[in-house]
Amino acid sequence: MERWTLREFEAAARARLDPAHYDYFAGGAGDEVTMRANEAAFGRLGLLPRVLRGVTKLETDVTLLGSHAAVPVLVAPTAFHRLADPEGERATARAAAAAETIMIVSMAATVAIEDVAAAAPEAELWFQLYVQPDLAFTERLVRRAESAGCKALVVTADSPVMGLRERDLRNGFDDLPAHLCCENLRDGDRVRPVVMSPEPSWEHLGLLREMTSLPIVLKGVTHPADARLALGHGVAAIMVSNHGGRQLDTVPATIELLPEIAAAVGGAVPVLLDGGVRRGTDVLKALALGAVAVAVGRPVLWGLAAGGERGVARVLGLLRAEVEHALTLCGCASVHELEPGMVRRPC
Ligand SMILES: Cc1cc2nc3c(=O)[nH]c(=O)nc-3n(C[C@H](O)[C@H](O)[C@H](O)COP(=O)(O)O)c2cc1C
Ligand SMILES: O=C(O)C(=O)c1ccccc1
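Calculation rules
Residues numbered from 1 in each chain as written. Chains lettered and ligands numbered in written order. Predicted model: local features only at pLDDT ≥ 70, side-chain atom pairs only at ≥ 80, totals over all residues. Heavy atoms only, no water. Buried < 20%, exposed > 50% of the residue type's maximum accessible area, 1.4 Å probe, protein only. Helix = DSSP H or I, 4+ residues; strand = E, 2+ residues; numbered from the N terminus. Right-handed = clockwise from strand over helix to strand, strands pointing away. Pairing = 2+ DSSP bridges. pLDDT = per-residue confidence, 0-100. Phe/Tyr/Trp six-rings, centres within 6.5 Å; stacked < 30°, edge-to-face > 60°. UniProt positions renumbered as here; feature names shortened; annotations may be inferred. 1 Å grid on protein atoms, 1.4 Å probe; cavity = no way out; pocket = protein on both sides within 12 Å on 5 of 7 lines; lining within 4 Å. Contact = heavy atoms within 4.5 Å.

## A short note on the pairing of strand E6 (residues 124-129)
In terms of residue burial, E6 counts as a mostly covered element, since six of its six residues are buried. Side chains of E6 alternate between two faces, with Glu124, Trp126 and Gln128 and Leu125, Phe127 and Leu129 buried alike. Once the chain exits strand E5 (residues 102-105) it traverses helix H5 (residues 113-119) before rejoining the sheet at E6, and the crossover so formed is right-handed. Summarising the sheet, E6 and strand E7 (residues 153-156) pair through three bridges and their orientation is parallel. By the bridge assignment, Gln128 is partnered in E7 with Val154. What joins E6 to E7 is helix H6 (residues 135-147), and the crossover it makes is right-handed.

Below you can see the structure in the form of structure tokens.
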């Protein structure tokens, strides 16, 4: 495992997982056009290194909304980690803490947010939320995230309904096995279902802002007009995401959308990106084109399924080493030196 590449982690995860669970993690919506595009678009961009800049010491740290990350590679919120490993989100959080990065814990986690925080007291945690139509319940979730020490609320906006995932339909995968549940959704003596609802609107962002003093990250922005609207509604950061190609299929690759969103935001708030980040060079391209950090979804799940906490630590360590290596080759002493001129787009 110490010498595996990300591809080898995926192969090992696939060999260990129930095939329906592998498909749930790996799959996308519709024809999976967007899912493939996310990775492929990074490959089409070229990096133009600078030379003879005397780079000896590297700076990769970033501070985001008051949280520190030693490398600008965050753990994206993904559901159901206990399908991959019995320790589930506890293992992921410990690995994120060891890697000194931020973990965005999914509302649909299979370990309660309080237990994730207790398992990894050093971890920087943010909490991802789907606004539930029952606003009193939404508020109880926000309070739990605050009490558990989460430093930001990541509101996912790209899911008014669940994407059409044909692998899951074919496999009949529509629920967790009986021994697992979404522990954040326990409410009294029942467990509520995760409701993906078309009801939430821009007004709900206002309600959330009144509910909490935590900074709000809006996840799932792809249209520049929505990026501008988000600024007007007081979001603290914007995350360019197409949900890893799992929601609306044929949305363009996030790295292709990034420059226009970054221009619309104009530096008013930090912009993050996820979708298809698999290499240190992908991270550099996103940073050069205006992101302050990226997040990875599936690679973390492959690490977790293949090797538990150690597997996730290794995946995050691999990306960190690649970021440092690519920065050196690009002649950059700091992630802040990356700029759009270092990325060549196809003509
Ligand atoms: C198995 C799986 C579960 C996910 N669950 C959530 C979730 O609960 N909430 C959310 O906002 N995004 C969720 N996402 C989307 C990720 O946060 C992220 O946008 C996406 O995985 C990034 O693409 P990548 O997997 O190519 O890195 C999920 C993605 C996957 C693969
Ligand atoms: O699978 C997903 O992508 C996802 O976002 C989700 C949402 C709610 C419950 C489970 C998964």
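Still to come is the rest of the account.
## Looking at the confidence of the model for the protein chain
For the protein chain, per-residue confidence averages 98 on the pLDDT scale, and residues scoring 70 or more make up 100% of the total. Reported confidences for the modelled complex are a pTM of 0.99 and an ipTM of 0.99.

## Some thoughts on the packing of aromatic side chains
In the structure shown here, the tally under the stated rule is six aromatic pairs. Relative to Phe173, the ring of Tyr24 has its centre 5.1 Å away and its plane inclined at 40°; by these criteria the two rings are tilted. Of this pair, Tyr24 sits in helix H2 (residues 19-26) while Phe173 sits in the loop between helix H7 (166-171) and strand E8 (186-187), placing them 149 residues apart in sequence. With a relative accessible area of 13%, Phe173 lands in the buried category.

## Some remarks on the UniProt feature "binding site: glyoxylate" (unreviewed entry) in the protein chain
The UniProt record annotates "binding site: glyoxylate" (unreviewed entry) at Tyr24, Arg165, His243 and Arg246. Across 223 residues in sequence, these annotated residues keep their C-alpha atoms within 13.4 Å of one another, forming a single compact spot. Taken from the residues named earlier, the lining of the largest pocket is made up of Tyr24, Arg165, His243 and Arg246. Contacts of Tyr24, omitting those with residues within four sequence positions, involve Ala79, Phe80, Leu83, Arg165, Asp168, Phe173 and Arg246. Looking at where Arg165 falls in the secondary structure, it is placed in the loop between E7 and H7. Of the residues examined, Arg165 reaches a relative accessible area of 8% and is grouped as buried. Excluding residues within four positions of it along the chain, Arg165 makes contact with Tyr24, Gly28, Ala29, His243, Arg246 and Gln247.

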